[in-house]
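Chain and residue survey
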Amino acid sequence: MRRRSRLPPPQGFRSSDWTRILSMLLLLAVLYMLIVRARDPNTWRWFADDVNPDAVADAAADPNSRPEAAAKTDLQPGPELVAKGPTDEDPDEQAAIREEFQAITDKTLQIQEEEMFAYKRVVQWVVNQPIALLRRRARKDLTFNDFMLSPDKHRGALVELVLDAKMVRPTEYRATDGSDLYEVWGVSTDSGAWLYAAIAVGLPEGMPIAARINERLRFVGYFFKLQGYHEAGAKPHAPPLAAPMLIGRAIWIQTPPPPREHWEASWTVLAVSGFVLVLGLQFLWLVIRPKRRRPGIRSLDKPKPPAASLEEWFEKAEAAAAPLGDEAPPGSKPGVADASPGSNGKPDRKGGPSDHPLDEDGPTGG
């Protein structure tokens, strides 16, 4: 029979629990690193934009060398703010462009052949002027509705606006100075979901060129016409939508990289630190605490009885089978009653009183 130990259960964690505890701590550390990584906006850029990661990495520039900051410093009057050729301020150019603007048709899906004369003249105006001079002369009060409602009135106006570029793709044309021309499609704050179609003479270094981007830029250029386009999913015979087309230069407004987060005692760090501290104290207690010597339970060693022989086993079996009170004397045969001679084998029954009080053949009185 087993004896149950009444010793108190051991305090603290068992040795088999430490592996699970360490695994849980490792999972908590990995989870915390994933949370910190997920808070970085650059982690999800691949999900929002279809841009090559190498191009995005190259686009990250130093905040101290941002093009917009350089352009603001160039706004100060100086000898560099001088046009290299004829611009819209020359009387001859103004007379020529008025005649060429008469051939422009708004809301066409492509630039018509008769519109290329005005198109090339406006591109040359942009090439002849530095971007700082364009920004100093540009108007900032015109809105999307002004171009849509009165295109003839504002055609040729030099404007500046901020665009959230959604697509940038190259064209087959080049300017006279060798700069490539790019189509920039984007929206502004006042246009909402309605697009602008801009023709940029060159692009800032490192700016991504893709069908789906999400970059902010400052565009300075001349309003040319209302460019027609079809939105995604439009029906075959649906009328085209219109987007104001500008021809000019783009300034990439790069978002500065987020500063590295300083070590802060957030609730997550405090919780993990506290949990690790408790486990460390518990482990230290298990190491330095005095160990109790548990009394062992000794088994009682009983001597085994000697093996009995076959004769002894039969004798014990016969003795157990014999009824009580009828034990035969030694040397007599079991099961045979004593009889006197001449009694024909019957027991001699004496005529005395019966030894048993209930004997029915006992003597009667008289």
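To be clear, the structure that these remarks concern was listed above.
Here is a short report on the structure shown in this document.

Structural notes on the overall build of the protein chain
A count of helices and strands for the protein chain gives 11 helices and five strands. For the protein chain, the residues scored as buried account for 29% of the 366 residues in total. A sequence separation of at least 24 residues applies to 67% of the contacts in the protein chain between residues at least 6 apart.

Thoughts on the packing of aromatic side chains
One pass over the structure, following the stated rule, counts eight aromatic pairs. Aromatic side chains Phe101 and Phe224 sit 6.5 Å apart centroid to centroid with 70° between the ring planes, which places their arrangement in the edge-to-face category. Taken together, the residues span a long stretch of sequence, with Phe101 in helix H5 (residues 91-101) and Phe224 in strand E4 (residues 215-229) at a distance of 123 residues. On the basis of relative accessibility, which here comes to 14%, the residue Phe101 falls in the buried class. Of the residues examined, Phe224 reaches a relative accessible area of 0% and is grouped as buried.

What about the nonpolar core?
Core analysis: the largest hydrophobic core is formed by 25 residues, its most contacted members being Leu163, Val184, Tyr196, Leu217, Phe219 and Leu246. Every element with two or more residues in this core is listed here: helix H8 (144-149), strand E1 (158-174), strand E2 (180-187), strand E3 (196-201), E4 and strand E5 (241-252). When residues in this core are grouped by element, the largest group, five residues, is from E1. Aside from chain neighbours lying at most four places away, what touches Val184 is Ala165, Met167, Val168, Tyr196, Ala197, Ala198, Ala200, Leu203 and Leu217.

Notes on the packing of H5 against helix H6 (residues 116-128)
In the contact formed by H5 and H6, the axes pass within 9 Å of each other and the chain directions differ by 145°. When you trace H5 past H6, the crossing you get is left-handed. The segment H5 lies against H6, with Glu93, Ala96, Ile97, Glu100 and Phe101 engaging Phe117, Ala118, Arg121, Val122 and Trp125. Residues that form the contact of H5 with H6 fall into these classes: seven nonpolar, no polar and three charged.

Remarks on the environment of Met116
By the secondary structure assignment, Met116 is in helix H6. A C-alpha to C-alpha distance of 9.0 Å links Met116 and Glu100, two positions 16 residues apart in sequence.

Overview of the sheet that holds E4
Here five strands make up a closed barrel; going around it, the order is E1-E2-E3-E5-E4 and the pairing mixed. Averaged over all pairs of adjacent strands, the angle between their axes in this sheet comes to 40°, without regard to strand direction. Inspection of the sheet shows E2 paired to E3 by six bridges, in the antiparallel sense. Within the sheet, the bridge partner assigned to Trp185 lies in E3 and is Ala197. Lying on the sheet, H6 is in contact with E1, E2, E3, E4 and E5; it crosses E5 at an angle near 25°.

A look at the pairing of E4
Among the 15 residues in E4, 14 count as buried, and that is most of the element. Of the strand pairs in this sheet, E4 and E5 are connected by 12 bridges, and their pairing is antiparallel. Looking at E5, one finds that Gln227 is bridged to Ala243.

A short note on the side chain of Asn128
Take Asn128: it is sitting in helix H6. On the accessibility criterion, Asn128 (6% relative accessible area) is buried. Not counting the four nearest positions on each side in its chain, Asn128 is found in contact with Val82, Ala83, Lys84, Gly85, Pro86 and Thr87.

Section: the side chain of Ser191
Of note, Ser191 is situated in the loop between E2 and E3. For Ser191, the side chain forms a polar contact with the main-chain nitrogen of Ser188, separated by 2.8 Å. What Ser191 contacts, discounting residues up to four positions off in sequence, is Phe144 and Tyr196.

Quick notes on the pattern of salt bridges
In the structure shown here, the tally under the stated rule is 14 salt bridges. Linking Glu115 and Lys225 is a salt bridge whose minimum nitrogen-to-oxygen distance equals 3.2 Å. Residue Glu115 is located in the loop between H5 and H6, and its partner Lys225 is located in strand E4; the two are separated by 110 residues in the primary sequence. The residues Glu115 and Lys225 share a single accessibility class, namely buried. Here Arg216 and Asp164 are joined by a salt bridge, their closest N and O atoms 2.8 Å apart. In this pair, Arg216 sits in strand E4 while Asp164 sits in strand E1, placing the two residues 52 residues apart along the sequence. Beyond isolated ion pairs, a larger network of salt bridges with shared partners links Arg135, Lys140, Glu160 and Arg218.

Each value, and the rule that gives it
- Residues numbered from 1 in each chain as written.
- Predicted model: local features only at pLDDT ≥ 70, side-chain atom pairs only at ≥ 80, totals over all residues.
- Heavy atoms only, no water.
- Helix = DSSP H or I, 4+ residues; strand = E, 2+ residues; numbered from the N terminus.
- Buried < 20%, exposed > 50% of the residue type's maximum accessible area, 1.4 Å probe, protein only.
- Contact = heavy atoms within 4.5 Å.
- Phe/Tyr/Trp six-rings, centres within 6.5 Å; stacked < 30°, edge-to-face > 60°.
- Core = buried A, V, L, I, M, F, W, Y, C linked by side-chain atoms within 4.5 Å.
- Axes fitted to C-alpha atoms, helices over the stretch in contact; angles between N-to-C directions.
- Left-handed = near helix turned anticlockwise from the far one by under 90°.
- Nonpolar A, V, L, I, M, F, W, Y, C, P; charged D, E, K, R; others polar.
- Pairing = 2+ DSSP bridges.
- Polar contact = N/O pair within 3.5 Å; in protein donor to acceptor, adjacent residues only side chain to side chain.
- Salt bridge = Lys/Arg side-chain N within 4 Å of Asp/Glu carboxyl O.

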